[in-house]
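Spelled out, the chains give:
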Amino acid sequence: MKRLVPALLAGGLLVLFGTLLGQIGLLSISGPSLPRFTDVEVDVSLPEEARIVAIEPISLDCRARVHALVPVVGTREHEAFGAVYRTDRVTLDAIGDVDTCVDGNSARIEHHRDGTTEVIIPGESIVFVRPRVDTVATGDSLTVSRGLIGKLTDAFPWVDDNLGLTPLAYAYAQNVIGSSQCMQTAYTVTERMLVDAYRQQFIEQGVDPAALTVHIDGEPLFAEPAVLDMAGVDLRVGDGEVRCVASDDLGGVSRSSDL
């Protein structure tokens, strides 16, 4: 017992001394390597930045804005064993517009010897640009339903509950607004507006109204928008008709026509 006490004191002093040396970096003891049961990997990356991908020069003189209301109904059917077991449905009244513009400086001005001035606007220079849907104004009318069966089947892990109907409905409405049918209907109003706008411009420049003639030579080229991939969804205009309503802020004329 008498020998054990000095041995314990000596051992304690050695441990204390070794710890002190380790703290100040003079002693390093490498022990056996232990197996690693988990790996932690840290991957820090920045999200992809927004980029300007192209810049193109344009020269458009926009004279009228056509407003449209497009009631859209979209449905997607789900089948199993050859039978439809659920139908997803989206409805919205898309509110949007498209601008009527004249491309560049295409209007021809002819001054005649009798003192009259004639302004000629080539029909092919009239373009309909930037068809768009006002998502905020349209949002109040948006409804999406999956029915009772749809709600029940969404609980199953193998059923995709991502309808994807809403963005398709918005895109479809934008295509309708920019379609040749809608633009041909609207042109019956915007044609008069274009003439009145150009006439007023030259009157403000000092041309005598009595000696001024403005007319459009030919008709615009009513191009169709890009074809939309429906992705198996049935999209159509609702029970009502598409109404293209021309704004009355140019020319003081407001009429509407149905497709």
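We now turn to the structure provided with this report.

So, the sheet that holds strand 4 (residues 117–122)
In any sheet, the strands associate via hydrogen bonds between backbone groups, in a parallel or an antiparallel arrangement.
Okay, step 1: With mixed pairing, the three strands of this open sheet are ordered in space as 3-4-7. The open sheet has two free edges, formed respectively by strand 3 (108–111) and strand 7 (212–217), since each of these has just one partner strand. Neighbour to neighbour, the strand axes of the sheet diverge by 20° on average, direction disregarded.
Okay, step 2: Of the pairings in the sheet, the one linking strand 4 to strand 7 comprises six bridges and is parallel in character. Looking at strand 7, one finds that P122 is bridged to D217.
Okay, step 3: Sheet contacts for helix 5 (residues 180–204): strand 3, strand 4 and strand 7; angle to strand 7, the most-contacted strand, approximately 145°.

Some thoughts on the environment of D217
Okay, step 1: Its place among the elements puts D217 in strand 7.
Okay, step 2: The sequence separation of D217 and S125 amounts to 92 residues, and the corresponding C-alpha distance is 9.8 Å.

Thoughts on the pairing of strand 2 (residues 83–103)
In the case of a regular strand, side chains alternate between the two sheet surfaces.
Okay, step 1: In the sheet, strand 1 (residues 60–80) pairs with strand 2 via 20 bridges, with the strands oriented antiparallel. For A64, the partnering residue across the bridge sits in strand 2 and is T100.
Okay, step 2: Hairpin connection, strand 1 to strand 2: the antiparallel pair is bridged by two residues, and F81 has positive phi, about 55°.
Okay, step 3: Inspection of the sheet shows strand 2 paired to strand 6 (residues 143–145) by three bridges, in the antiparallel sense. Counted as the bridge partner of R89 is S145 from strand 6.

Each value, and the rule that gives it
- Residues numbered from 1 in each chain as written.
- Predicted model: local features only at pLDDT ≥ 70, side-chain atom pairs only at ≥ 80, totals over all residues.
- Heavy atoms only, no water.
- Pairing = 2+ DSSP bridges.
- Helix = DSSP H or I, 4+ residues; strand = E, 2+ residues; numbered from the N terminus.
- Axes fitted to C-alpha atoms, helices over the stretch in contact; angles between N-to-C directions.
- Contact = heavy atoms within 4.5 Å.

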